[in-house]
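Structure assessment
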2 protein chains.
Amino acid sequence: MSGSKKLAAPGLLKVCIVGSGNWGSAVSKLIGANIINAPEFDKTVKMYVFEEILDATFGENSGKKLTAVINTKHENVKYLKGHRLPDNIVAEPDLVVAAQDADYLIFVLPHQFIGKALDNLTGKIKPSAVGMSLVKGLYNPEKTNIRLLSTVITDKLKIPMGVLMGANVANEVADGLFCETTIAFKELKQGQIFKKLMQTPDFRITVIKDVTNAELCGALKNIVAFAAGVSDGVFGEKTNTKAAIIRLGLMEMMKFAEQFFPGGTPETFLQSCGIGDLVTSCFGGRNRKVGEAFAASPAKTLDDLSKEMLGGQQLQGARTAEEVNYFLSHKGKEKDFPLFTAVHQICKKEMAPNKLIDAIRQHPEHHHFRVSVHGFNDERSAAGKPVFIYKNLLQRLITTIVTCSHLATTLAKHLLGWEEGILYFGANEPLGQGIVSLHPDMVDAINTYIHSDKVKLNGPPLISIGQAINGTLN
Amino acid sequence: MSGSKKLAAPGLLKVCIVGSGNWGSAVSKLIGANIINAPEFDKTVKMYVFEEILDATFGENSGKKLTAVINTKHENVKYLKGHRLPDNIVAEPDLVVAAQDADYLIFVLPHQFIGKALDNLTGKIKPSAVGMSLVKGLYNPEKTNIRLLSTVITDKLKIPMGVLMGANVANEVADGLFCETTIAFKELKQGQIFKKLMQTPDFRITVIKDVTNAELCGALKNIVAFAAGVSDGVFGEKTNTKAAIIRLGLMEMMKFAEQFFPGGTPETFLQSCGIGDLVTSCFGGRNRKVGEAFAASPAKTLDDLSKEMLGGQQLQGARTAEEVNYFLSHKGKEKDFPLFTAVHQICKKEMAPNKLIDAIRQHPEHHHFRVSVHGFNDERSAAGKPVFIYKNLLQRLITTIVTCSHLATTLAKHLLGWEEGILYFGANEPLGQGIVSLHPDMVDAINTYIHSDKVKLNGPPLISIGQAINGTLN
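Only a predicted model underlies this, so the values are computations on that prediction, with no experimental measurement involved.

**Comments concerning the overall build of chain A**
A count of helical and extended segments in chain A gives 19 helices and 14 strands. When each of the 474 residues of chain A is scored for burial, the buried share is 61%. Counting contacts in chain A only where the partners sit at least 6 residues apart, residues at least 24 apart contribute 68% of the total. As presented, chain A carries roughly 17,700 Å² of accessible surface, and 53% of it is formed by carbon and sulfur atoms.

Take a look at the structure:
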């Protein structure tokens, strides 16, 4: 199932694009052109197209099947008008026929069609296939839980999955305008193969390993973009206020990822899938636009505006805000995410748009240190129990290592006095974590303690607590 | 000189605002109001005002001194028209008289007046005073070196300095619109005192310790904002391309800070002084605006546009790009910062604005792993030499700790084969660092090696190299 095994296999590797909307068609331009120069690949790329009969507005094509038009005129006249698709892109209306022989599957269907497509594909694709999802959004059929779409696909089809997420407006990519994107694969090598299929001089791809955070970025940024639109609608283009909303939104995205999907790396939020896409969405994009209109039109519901502005399509930011809110309220964590929570309440008309600022004025970002204390009982370490102190936000990144169990006790006592979360004990499990308030005097005291000869350090501290807990009291 | 000693001293603490332009006047509104409720402070706040006689355009105030108008009408009619300043803000035209008794000095002068002001103040202020700079920009009288203004002030006046930097348009702050900002002080306690003087329900302050990166953010973001303006001028409002420019600009800001001003923390770039201010500047702000006009008007020089659009004032982004370019070219590092370099060349008409994308198409961000290998010889560590492997970008954050000198040798050999920088040896000094290309196979090999029983780990690896080197090959 690894890339190198594939390369050694006889025959040519096949690619299938599952979906043919605006983004899928734009991506087919890249892949169709690149694959010509990739000798290990079959030159024909099948693209699954949900069959439609074109209506009277399509002139000479009216009454024809969309697949027939794509395969004869090499243009997706409905979803990517004016762009010639490469001749080796072959539209196929039968999903199973399109996908069954593929070694590489690229999922780029509208969110709501994924479930049915997976039902159809189960047991019908190559067991050795590898997939990549371009679909933005979360998956929470049970309301109280949230899953990543890539995980849902892996569970259903039993294939490894990566994602492509970035600051990419489909029409701009199709026009060949310069942009960046992020591919995330647990196996970097798989990501490199998809990069080879898609990168051009104007479509610059960085491959990372952190699928989870990349996918979360793609979904959560739509909530922030809606909030940015509300800011535009309420305050006009006041850049200070909007910048604060965008930044606090990013902080909530990072906190959400870290608390509920641990194991990712915070630098992912610095990739194109993170701040790149966030900036694009907060200044362009439909979520911002509808957010602005919603704030400026108190008489209208979101459904009204979706009908007027999106042809009835559900607004992704509002749906994601609702899914996230179900999840957060189930966990009792709504107040830790005041921006996410406010967006949901605004969408539901439970909060007036001009109250958004009141909701984030006392944001935890301005109030608290975030600290975790972990007890770590590792048999290979003879010197005692190391204690890891780090900011919750940048979990596993800013680390002070000491090996004195007395210090562990002292710190746990001091820090966990303000503890909000659950307290765990046991080898390699957190002693506790939560948002704590810590007076600067205490930071100084702990620092002095760490650097005193009372503490036997297992090597020098990499960073002192004063640096690690780089925050503030209100 | 510490805050607690000050609090114990007899008499009330005095604050002086050194400067009274647009931003200084806006800040005086916050301080004048807050200080009323701070019992340890003298209620009178002196504000140094560069004396001017108001001309005929000032109606009933024409012919009057600016200080006289401020002290009688409580309005800075020239630089913050329409806002009443608190009655306890007292304009003072003599810099030494204004500053000599102050315990807390807030520097908010135009960049070009700092040098002369420091000459005047040397030896004239309280030795126990503490200062904070709101001035954005770098300081490089020798062209080949770059210094932070806060460092220059400390060296000259021998007082500890912090900075306030954030996404703050002066008029929006004066209007009481919601925004965030960042105060950075090595001694958090000092920062807390300034926070107390300035925070309001609509001006939200986070105090951090990392003065260096906060100040660098305030200067370097103007280069990126100019590039964002060029993008607007060349491509119109194409959000994909602009998002890529902003993100790559942020990456260069972080790399510049890390390479030339080590010791800061990368999270500072996530504060208001970082992405907050960057976003504000790339969508609003004069650097963006002039960049756009410059790209759209090939016949005009930057001087022409400065005259037309800024009343002849020098554009901060262009000046900073020039200062940074002198410095980078002196170090032979221009090619590592293609966006910064391109902005300078565009400003100098050495590059056409529409070539900006060509300059960043092969950006190092899309090509390389950044890796450092440090040899660490610590007497307290009995187990051998720990080796620190981390991404250059997030120096000291992502760390693999192993204690096998054979591994150190192997890694140094593998990694430093592509080494670009200088190779150091010695206790607690880097073995070498630089941008290296690393094939995914090698990442796998190193990972396997680290986790094999050939390596004696001094505790479990916090993070494996595959996670640490979370990058890609082109």
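**Details of the environment of Ala299 of chain A**
Position of Ala299 of chain A among the secondary structure elements: in the loop between α12 (286-296) and α13 (302-310). In the structure, Ala299 of chain A is positioned 130 residues away from Val169 of chain A in sequence and 31 Å away in space, judged by C-alpha atoms.

**Things to note about helix α10 (residues 239-260) of chain A**
Taking 1.5 Å per residue, 22 residues should reach 32 Å; α10 of chain A reaches 31 Å between its end C-alpha atoms and fits that length. Most of α10 of chain A is tucked away, with 21 of its 22 residues classed as buried.

**Let's talk about the environment of Thr151 of chain B**
You can see Thr151 of chain B is positioned in helix α6 (residues 149-157). The spacing of Thr151 of chain B and Gly332 of chain B is 181 residues in sequence and 25 Å in space, taken between C-alpha atoms.

**Concerning the sheet that holds strand β5 (residues 130-133) of chain A**
Residues and elements named next belong to chain A. One open sheet holds the eight strands; their spatial order is β3-β2-β1-β4-β5-β8-β9-β10, and the pairing between them is mixed. Since the sheet does not close on itself, it has two edges, and those belong to β3 (89-92) and β10 (203-208), each with one partner. The mean inter-strand angle of the sheet, taken between neighbouring strand axes irrespective of direction, is 25°. Taken together, the six bridges between strand β9 (residues 179-184) and β10 define a ladder with parallel strand orientation. Note that in β10 the partner of Glu180 across the bridge is Arg204.

**Describing the pairing of strand β10 (residues 203-208) of chain B**
Burial within β10 of chain B is extensive, with six of its six residues counted as buried. Chirality of the crossover, the property in question, places the unit of strand β9 (residues 179-184) of chain B, helix α8 (residues 188-198) of chain B and β10 of chain B among those that are right-handed.

**Some remarks on the sheet that holds strand β1 (residues 13-18) of chain B**
All names here are of chain B. Spatially, eight strands are ordered β3-β2-β1-β4-β5-β8-β9-β10 in an open sheet, and the strand pairing comes out mixed. The outermost strands of the open sheet, each flanked by one partner alone, are β3 (89-92) and β10. The mean angle between the axes of side-by-side strands here comes to 25°, regardless of whether they run parallel or antiparallel. Where strand β8 (residues 161-165) meets β9, three bridges bridge the pair, whose relative direction is antiparallel. Within the sheet, the bridge partner assigned to Leu164 lies in β9 and is Ile183.

**Re unusual backbone geometry**
Positive phi outside glycine occurs at His74 of chain A, with the angle close to 55°. Considering the arrangement of structural elements, one finds His74 of chain A in the loop between α3 (66-73) and β3.

**Focus: the nonpolar core**
Side chains that are nonpolar tend, in soluble globular proteins, to be buried together. Core analysis: the largest hydrophobic core is formed by 114 residues, its most contacted members being Phe226, Leu250 and Phe256 of chain A together with Phe226, Leu250 and Phe256 of chain B. Aside from chain neighbours lying at most four places away, what touches Leu250 of chain A is Phe269, Ile275 and Leu278 of chain A together with Leu270 and Ile275 of chain B.

**What about the confidence of the model for chain A?**
Residues and elements named next belong to chain A. For chain A, per-residue confidence averages 79 on the pLDDT scale, and residues scoring 70 or more make up 75% of the total. For the stretch residues 368-443, pLDDT sits under 50, and the model shows 187 contacts to residues farther than four places along the chain or on other chains. Both scores are given for the predicted complex: the pTM is 0.79, the ipTM 0.78.

**Points about the environment of Lys186 of chain A**
All names here are of chain A. Relative to the elements of secondary structure, Lys186 occurs in the loop between β9 and α8 (188-198). By relative accessible area, Lys186 is classed as exposed at 68%. On a C-alpha basis, the gap between Lys186 and Val207 in space is 10.0 Å, while along the polypeptide they are 21 residues apart. The contacts of Lys186, once residues within four sequence positions are left out, are Lys209 and Val211.

**Here's the deal with the side chain of Lys195 of chain A**
All names here are of chain A. Along the chain, Lys195 turns up in helix α8. Buried charge Lys195 goes without a salt bridge, the closest partner of opposite sign being Glu180 at 10 Å. Within polar-contact distance, the side chain of Lys195 engages the backbone oxygen of Ile205 at 3.0 Å.

**Examining the pattern of salt bridges**
A full pass over the atoms with the stated rule returns 44 salt bridges over all chains. Salt-bridge contacts for Asp232 of chain A lead to Lys242 of chain A; the nearest nitrogen and oxygen are separated by 2.9 Å. Here Asp232 of chain A, found in helix α9 (residues 211-235), pairs with Lys242 of chain A, found in helix α10; they are ten residues apart in sequence, far enough to count as distant. If you follow the salt bridges from partner to partner, you end up with Asp202 of chain A together with Lys355, Asp358 and Arg361 of chain B in one network.

**Quick notes on the pairing of β8 of chain B**
All names here are of chain B. A large share of β8 lies buried, amounting to five of its five residues. Burial along β8 is two-sided: Met161, Val163 and Met165 facing one way and Gly162 and Leu164 facing the other are all buried. Where strand β5 (residues 130-133) lies against β8, three bridges are found, and the strand directions are parallel. Paired with Met132 across the strands is Gly162, a residue of β8.

**A short note on the UniProt feature "domain: Glycerol-3-phosphate dehydrogenase NAD-dependent N-terminal" (unreviewed entry) in chain A**
Following the UniProt record, one finds the feature "domain: Glycerol-3-phosphate dehydrogenase NAD-dependent N-terminal" (unreviewed entry) at residues 14-188 of chain A. Between the end C-alpha atoms of residues 14-188 of chain A the distance is 20 Å, and the span holds 29% helix and 23% strand.

**Focus: the packing of α10 of chain A against helix α11 (residues 272-283) of chain A**
Residue and element names in this part refer to chain A. It is the contact of α10 with α11, at a shortest axis distance of 11 Å, that shows an interaxial angle of 140°. On the basis of the axis angle, α10 is oblique to α11. Crossing of α10 against α11: the hand is right-handed. Judged by residue contacts, Lys242, Ile246, Leu250 and Met253 of α10 engage Ile275, Leu278, Cys282 and Phe283 from α11.

**A look at the packing of aromatic side chains**
All told, the structure shown has 29 aromatic pairs over all chains when counted by the stated rule. For the ring pair Phe226 of chain A and Phe294 of chain A, a centre distance of 6.0 Å and an interplane angle of 50° mean the geometry is tilted. Separated by 68 residues along the polypeptide, Phe226 of chain A in helix α9 and Phe294 of chain A in helix α12 bring together distant segments of the chain. Considering the side-chain rings of Phe256 of chain B and Phe340 of chain B, the 6.3 Å spacing of their centres and the 65° angle between planes classify their relative orientation as edge-to-face. Taken together, the residues Phe256 of chain B in helix α10 (residues 239-260) and Phe340 of chain B in helix α15 (residues 338-347) connect sequence positions 84 residues apart. Judged by its relative accessible area of 0%, Phe256 of chain B falls in the buried class. Classification of Phe340 of chain B as buried rests on a relative accessible area of 2%. Site record: aromatic cluster; members linked through ring pairs are Phe256, Phe260, Phe261, Phe327, Phe337 and Phe340 of chain A.

**Here we look at the packing of helix α5 (residues 114-121) of chain A against helix α6 (residues 149-157) of chain A**
All names here are of chain A. Interaxial distance between α5 and α6 falls to 10 Å at its minimum, and their mutual angle equals 20°. Here α5 lies roughly parallel to α6, going by the angle between them. Judged by the sense of rotation from one axis to the other, the crossing of α5 with α6 is right-handed. Between α5 and α6, the contacting residues are Ile114, Leu118, Asp119 and Leu121 on the first element and Leu149, Val152, Ile153, Lys156 and Leu157 on the second. A breakdown of the residues in the contact of α5 with α6 according to their chemical character gives seven nonpolar, no polar and two charged.

Cut-offs and rules
Residues numbered from 1 in each chain as written. Chains lettered and ligands numbered in written order. Predicted model: local features only at pLDDT ≥ 70, side-chain atom pairs only at ≥ 80, totals over all residues. Heavy atoms only, no water. Helix = DSSP H or I, 4+ residues; strand = E, 2+ residues; numbered from the N terminus. Buried < 20%, exposed > 50% of the residue type's maximum accessible area, 1.4 Å probe, protein only. Contact = heavy atoms within 4.5 Å. Areas by Shrake-Rupley, 256 points an atom, 1.4 Å probe, with all protein chains shown as cover. Expected span 1.5 Å × (residues − 1). Pairing = 2+ DSSP bridges. Axes fitted to C-alpha atoms, helices over the stretch in contact; angles between N-to-C directions. Right-handed = clockwise from strand over helix to strand, strands pointing away. Core = buried A, V, L, I, M, F, W, Y, C linked by side-chain atoms within 4.5 Å. pLDDT = per-residue confidence, 0-100. Lys, Arg positive; Asp, Glu negative; His and termini not counted. Salt bridge = Lys/Arg side-chain N within 4 Å of Asp/Glu carboxyl O. Polar contact = N/O pair within 3.5 Å; in protein donor to acceptor, adjacent residues only side chain to side chain. UniProt positions renumbered as here; feature names shortened; annotations may be inferred. Parallel < 35°, antiparallel > 145°, perpendicular 65-115°, else oblique. Left-handed = near helix turned anticlockwise from the far one by under 90°. Phe/Tyr/Trp six-rings, centres within 6.5 Å; stacked < 30°, edge-to-face > 60°. Nonpolar A, V, L, I, M, F, W, Y, C, P; charged D, E, K, R; others polar.

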